[in-house]
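A closer look at the structure
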Number of protein chains: 4
Amino acid sequence: MTTARLEAFSDGVLAVAITLLSLSLAVSGPGHGPLIHQISDRWPSFAAYTVSFFVIGIIWVNHHSLFGNLIRVDRTLLFLNLVLLLFVVLIPFATATMATYLTASGSDSHVAAALYGAVLEGMSLSFGAVFFWVMGHDHLRDPASPEVPRTAILRFGLGSAFYLAAIALAFVSAALTLLVTAIIAVYYIFEHTPGGDPSD
Amino acid sequence: MTTARLEAFSDGVLAVAITLLSLSLAVSGPGHGPLIHQISDRWPSFAAYTVSFFVIGIIWVNHHSLFGNLIRVDRTLLFLNLVLLLFVVLIPFATATMATYLTASGSDSHVAAALYGAVLEGMSLSFGAVFFWVMGHDHLRDPASPEVPRTAILRFGLGSAFYLAAIALAFVSAALTLLVTAIIAVYYIFEHTPGGDPSD
Amino acid sequence: MTTARLEAFSDGVLAVAITLLSLSLAVSGPGHGPLIHQISDRWPSFAAYTVSFFVIGIIWVNHHSLFGNLIRVDRTLLFLNLVLLLFVVLIPFATATMATYLTASGSDSHVAAALYGAVLEGMSLSFGAVFFWVMGHDHLRDPASPEVPRTAILRFGLGSAFYLAAIALAFVSAALTLLVTAIIAVYYIFEHTPGGDPSD
Amino acid sequence: MTTARLEAFSDGVLAVAITLLSLSLAVSGPGHGPLIHQISDRWPSFAAYTVSFFVIGIIWVNHHSLFGNLIRVDRTLLFLNLVLLLFVVLIPFATATMATYLTASGSDSHVAAALYGAVLEGMSLSFGAVFFWVMGHDHLRDPASPEVPRTAILRFGLGSAFYLAAIALAFVSAALTLLVTAIIAVYYIFEHTPGGDPSD
């Protein structure tokens, strides 16, 4: 069993999820105030769209990187990957909910941001599970160098810790959660999953 | 005619269907009560999302497993596969309907759960039809061992019988249908379609 | 330029379009009468879903069949294929509109059914354009036998004529349009595009 | 790292985005006036659908053309491509917004058309960035001939300048923006990205 179809299915889910992010941008239409205000009032939707677009894009880049170096797929990996995708598919929902409530008063904005952080934490932990299963079971074409596991633990640990911080900060301010998520995205753009494709 | 494009199309449909499951999670937005209540009141949606996500995920894993071992595709198989996909595409609709009505009073919850069970029964029977057509028409790269048909009849029969039971239980309690479906999903995670990829 | 990416893109569009058909099945939810009535009152949606699912499925099968035998793709073919996809993407919209208005009084049901027929006629004509472009420009791996063009003209002509009839019948009864479309689908299940994959 | 999965993911996003364009065509249903008026009143939606369908289709054709000639993908290219896709995914949203407001009075139609033009300008600039990164970093299988960069600068420059003009014209008339976009689409159908697949 090669990785081709696992990658094709994952690519499909990632592509649909990243595209569904745009559904939450829809304006209410005529009769709901000037369009320019409808758009400017919804800056949280545009900010959340951009951040989540890169979050899913980075998942794809790292998934690509890791699976391009795989030679063997087992049933456990298929299901760990499904758990990862289960969280990916929740991202458009969590993004839309956070964007809708970001400027809401009371506890709603905190709940919405914590939900967003929790979905990303779940995604991060399940990506870690996929990664360590692959590392620990000899599935790689080019064996990772000895320092890879150490670096990876550091990197995944850092990511997960930051998402935890994003959840905690949700109870201070929802906007902070979005900001921290954006910073994690920028971090992952420059620091990529080790053990992936060597040409990288 | 190789299986490549049949798999690509099926993967596409499965990936879109599994992602559309999340559309039913959308909350009503400000003005419909505290967000935390909106989310907790909709536990049926989250439970149904999780169960149906694994149901579709397992269909994909088993489809992958079976078609990875195919050498020949005929026109009948293309149409049997289309019937299977017709039921797969109904799963997000049936999931959303069941989740919406799970806690409704009167007969509505029973009807919604029976509909969900019926869609899964249709999916199970059409997957069985695909399987037995493939087995009976010499399409496999590695001929299945003699005991495969017996095991398969047992396994597909068991799955279909359980989905029938899920339909019957719908008239006792909609939640029971969801529970039985979850149990079938766990069963299929550990017991996979025989005759598939030998590396499995 | 091989056909691989043209097929991948077409498969993606076909897979998304076929899955979006299910969006029109969504029930209104609690407060809109017993669920069993909501479902039974919407029989046109279920009938239209089934017919359109097979219409798109058959497009995919015939597309697959034709492109599996291609060796060369030119820019004109890319754009003819885009026109075909433009009509395919209209099918979920036309299906939902027809289903919503099938039992409406006045001229609305006729308009909705004529719209459905017109979209299918456009799809049929553009598939014919793709076919004859391929035939006339030496793109095939296995040259079609001399009788293929004659058979093809007959078959495409018949399909297009029947869809024209479906449009005309829309002004008698919308249900007749749906019935004729179902009959054309059954016809195409048994009679496939000539000149395709020889193993077929 | 080959281009296969980058193309697969991009094809997926382009296929979903092009199909989501049709969501904005949905009519309001019975009780909102005769269907024939609902449809004729929404001519902007049908016009915008057609134009945007070809805009995305052309992006796909040119993307296909350029990436079919790539031998090497680096991390920067992955992220430049993500930025391109970020704008592509905004096209269905911008199309729906423009179509809804095209015939609105006051400044709303101008804002909506400027938004549409801005999304296409962003798409055009990021496609240019992808193109010049590829040209400047020796990623091509068949080195482009010396005149390619000059021609390309002219062509991309022309496209971006026309989209800028479309934004400016939005403040005269939203319909003009749509018209100019349609003209650019026709231009790109006949003039394709240089440096792509040589068989073209």
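Think of each chain on its own: its residues are numbered from 1, step by step along the sequence as written. A letter from A marks each chain and a number from 1 marks each ligand, given out in the order of writing. For a predicted model such as this one, the threshold for reporting local features is a pLDDT of at least 70, and the threshold for listing and counting side-chain atom pairs is 80 or more; totals across whole chains, interfaces and linings nevertheless cover every residue. The basis for the side-chain values is all heavy atoms of the structure; hydrogens and waters are excluded.

1. A look at the overall build of chain A
Where we set the bar: Numbering goes from the N terminus for both helices and strands, where a helix is a DSSP run of H or I of at least four residues and a strand is a run of E of at least two. Residues are treated as being in contact if the distance between any of their heavy atoms lies within 4.5 Å. Surface exposure here means Shrake-Rupley accessible area, sampled with a 1.4 Å probe, where a residue is shielded only by the protein chains that are shown.
Scanning chain A for helices and strands turns up seven helices and zero strands. Sequence-distant contacts in chain A: of pairs separated by 6 or more residues, those separated by 24 or more amount to 79%. Working note: accessible area of chain A is about 7200 Å², and carbon and sulfur atoms make up 69% of it.

2. Some words on the packing of aromatic side chains
Basically, it comes down to this: Note on aromatic pairs: the rings of Phe, Tyr and Trp (six-membered ring only in Trp) are paired at centre separations within 6.5 Å, and the planes decide the class, stacked below 30 degrees, edge-to-face beyond 60, tilted for the rest. Relative accessibility under 20% of the residue-type maximum defines a buried residue, over 50% an exposed one, and the middle range a partly exposed one, all with a 1.4 Å probe and only protein chains included.
Summed over the entire model, instances satisfying the criterion amount to 36 aromatic pairs over all chains. Between F53 of chain D and F54 of chain D the ring centres are 6.3 Å apart and the planes differ by 70°, which places this aromatic pair in the edge-to-face class. Judged by relative accessible area, F53 of chain D falls into the buried class, the value being 0%. An aromatic cluster is present here, built from F127, F131, F132 and F156 of chain A joined pairwise through their rings.

3. Concerning the relation of the copies chain A and chain B
Keep this limit in mind: Least-squares superposition of the copies uses the C-alpha atoms of those residues scoring a pLDDT of at least 70 in each of them.
In the superposition of chain A on chain B (RMSD 0.0 Å, axial shift 0.0 Å), the rotation amounts to 90°. Accordingly, the operation relating the two chain copies is best matched by a four-fold axis. Taken together, the interface assignments show that only 11% of the residues at the interface of chain A recur at the interface of chain B, consistent with different surfaces on the two copies.

4. Quick look at the packing of helix α5 (residues 108-136) of chain D against helix α7 (residues 174-190) of chain D
Residue and element names in this part refer to chain D. Keep this limit in mind: Under this scheme, a helix contributes an axis fitted over its contacting stretch, all axes are lines through C-alpha atoms, and angles between N-to-C directions fall in the 0 to 180 degree range. With respect to orientation, any angle under 35 degrees is reported as roughly parallel, any angle over 145 as roughly antiparallel, any angle of 65 to 115 as roughly perpendicular, and every other angle as oblique. Take the far helix as your reference; a near helix turned counterclockwise from it by less than a right angle gives a left-handed crossing, and one turned clockwise gives a right-handed crossing. Each residue gets one label: Ala, Val, Leu, Ile, Met, Phe, Trp, Tyr, Cys and Pro are nonpolar, Asp, Glu, Lys and Arg are charged, and the others, such as Gly, are polar.
The contact between α5 and α7 brings their axes to 8 Å, and the two run at 25°. With respect to their mutual orientation, α5 and α7 come out roughly parallel. When you trace α5 past α7, the crossing you get is left-handed. Facing α5, whose interface residues are S109, H110, A113, Y116 and L120, α7 presents A174, T177, L178 and T181. For the contact of α5 with α7, the per-class residue count stands at five nonpolar, four polar and no charged.

5. Examining the confidence of the model for chain A
Segments scoring low in pLDDT should not have their predicted coordinates read at a detailed level. All names here are of chain A. Stated precisely, the cut-off is as follows: Residue-level confidence of the predictor is what pLDDT reports, using numbers from 0 through 100.
Mean pLDDT over chain A works out to 88, with 90% of the residues at or above the 70 mark. The least confident element of chain A, judged by mean pLDDT, is helix α6 (residues 147-170) at 85; the most confident is helix α4 (residues 75-101) at 95. Scored below 50 in pLDDT, residues 196-200 shows 13 contacts in the model against residues more than four places distant or in partner chains.

6. Some details on the interface of chain A and chain D
The cut-off we apply is this: The term buried area means the drop in 1.4 Å probe accessible area that two parts suffer when joined, counted for both and summed. Salt bridge, as applied in this entry: a Lys or Arg side-chain nitrogen positioned within 4 Å of an Asp or Glu carboxyl oxygen.
Taken together, the 42 residues of chain A in the interface contact 28 residues of chain D. Summed over both sides, the interface of chain A with chain D buries roughly 3100 Å², with 75% coming from carbon and sulfur. Our count for the contact surface shared by chain A and chain D stands at two salt bridges. Here D11 of chain A ties to R5 of chain D by a salt bridge, and the two come within 2.7 Å at their closest N and O atoms. At the level of secondary structure, the elements contributing two or more residues to the side of chain A that touches chain D comprise α1 (4-20), α2 (35-41), α3 (43-67) and α7 (174-190) of chain A. Counting residues per element, the side of chain A that touches chain D draws most heavily on α3 of chain A, which supplies 13 residues.

7. Comments concerning the interface of chain A and chain B
With 28 residues of chain A at the interface, the matching set in chain B holds 42 residues. Roughly 3100 Å² of surface becomes buried between chain A and chain B when both sides are summed, with 75% attributable to carbon and sulfur atoms. Applying the counting criterion to the chain A and chain B interface returns two salt bridges. With a shortest N-O distance of 3.0 Å, E7 of chain B and R5 of chain A are connected by a salt bridge.

8. Details of the packing of helix α1 (residues 4-20) of chain C against helix α1 (residues 4-20) of chain D
One way to put it is that α1 of chain C packs onto α1 of chain D with a least axis distance of 9 Å and a crossing angle of 40°. In this view, α1 of chain C runs oblique relative to α1 of chain D, as classed from their interaxial angle. Crossing handedness for the pair α1 of chain C and α1 of chain D: right-handed. Where α1 of chain C approaches α1 of chain D, its residues R5, A8, F9, G12, V13, V16, A17 and L20 of chain C are matched on the opposing element by E7, S10, D11, L14, A15, V16, I18, T19 and L20 of chain D. The residue inventory of the contact of α1 of chain C with α1 of chain D, partitioned by class, reads 11 nonpolar, three polar and three charged.

9. Quick word on the relation of the copies chain A and chain D
If you rotate chain A by 90° and push it 0.0 Å along the axis, it lands on chain D with an RMSD of 0.0 Å. Of all interface residues in chain A, a mere 7% are interface residues in chain D too; the two copies therefore contact each other through different surfaces.

10. Comments concerning the pattern of salt bridges
Scanning the model with the defined rule gives eight salt bridges over all chains in all. One continuous salt-bridge network, built from bridges that share partners, spans R5 of chain A together with E7 and D11 of chain B.

11. Section: the environment of T177 of chain A
Mapped onto the fold, T177 of chain A is located in helix α7. Not counting residues up to four positions away in its chain, the partners in contact with T177 of chain A are A113, Y116, A166, L169 and A170 of chain A.

12. Observations regarding helix α3 (residues 43-67) of chain B
Cut-off, in case you're wondering: Expected helix span is computed as 1.5 Å times (number of residues minus one).
With 25 residues, α3 of chain B extends 36 Å between its outermost C-alpha atoms, agreeing within 8% with the 36 Å of an ideal straight helix rising 1.5 Å per residue. Among the 25 residues of α3 of chain B, 21 are classified as buried, and the element is accordingly described as predominantly covered.

13. Considering a nonpolar patch on the surface
Basically, it comes down to this: Like-charged residues are merged into a patch within 9 Å and nonpolar side chains (Val, Leu, Ile, Met, Phe, Trp, Tyr) within 5 Å, provided each residue has over 30% relative accessible area and no salt bridge.
Taken together, the side chains of L23 of chain A, L23 of chain B, L23 of chain C together with L23 of chain D define a hydrophobic patch exposed on the protein surface, amounting to about 290 Å² of accessible area. Along the polypeptide, L23 of chain B turns up in the loop between α1 (4-20) and α2 (35-41). What makes L23 of chain B partly exposed here is its relative accessible area of 37%.

14. A few points about the side chain of T97 of chain B
The residue T97 of chain B is located in helix α4 (residues 75-101) in this model. Overall, T97 of chain B belongs to the buried group, its relative accessible area being 3%. Beyond its immediate stretch of four places on either side in the chain, T97 of chain B contacts A112 and L115 of chain B together with V27 and L35 of chain C.

15. Here's the deal with helix α7 (residues 174-190) of chain B
Residue and element names in this part refer to chain B. As a reminder of what qualifies: This arc is built from the directions going out from the helix axis to the C-beta atoms. In protein, a polar contact requires one atom able to donate a hydrogen and another able to accept it; more generally it is a pair of N or O atoms within 3.5 Å, and residues adjacent in sequence count only if both atoms are side-chain atoms.
In a regular helix each residue adds 1.5 Å, so 17 residues correspond to 24 Å; α7 covers 25 Å between its end C-alpha atoms and thus fits that length. Of all the residues in α7, the buried ones are A174, T177, L178, V180, T181, I184, A185 and Y188. The arc that holds the buried residues of α7, viewed along the axis, is 165°, so those residues lie on one side. Set apart from the buried face of α7 by more than 90 degrees, the exposed residues are I183 and F190. If you check the start of α7, you find a side-chain oxygen 3.2 Å away from the backbone N of A175, and it comes from S173.

16. Details of the environment of V83 of chain C
Note that V83 of chain C resides in helix α4 (residues 75-101). Take V83 of chain C: its relative accessible area is 27%, and that puts it in the partly exposed class. Along the chain, V83 of chain C and A129 of chain C lie 46 residues apart, while their C-alpha atoms are 9.6 Å from each other. What V83 of chain C contacts, discounting residues up to four positions off in sequence, is S126 of chain C together with F54 of chain D.

17. Details of the environment of L176 of chain A
All names here are of chain A. Counting through the fold element by element, L176 comes out in helix α7. A residue is classified by how much of its surface remains accessible, and L176, at 30% relative accessible area, is partly exposed. Distance from L176 to A113, taken between C-alpha atoms, is 8.9 Å for residues 63 residues apart in sequence.

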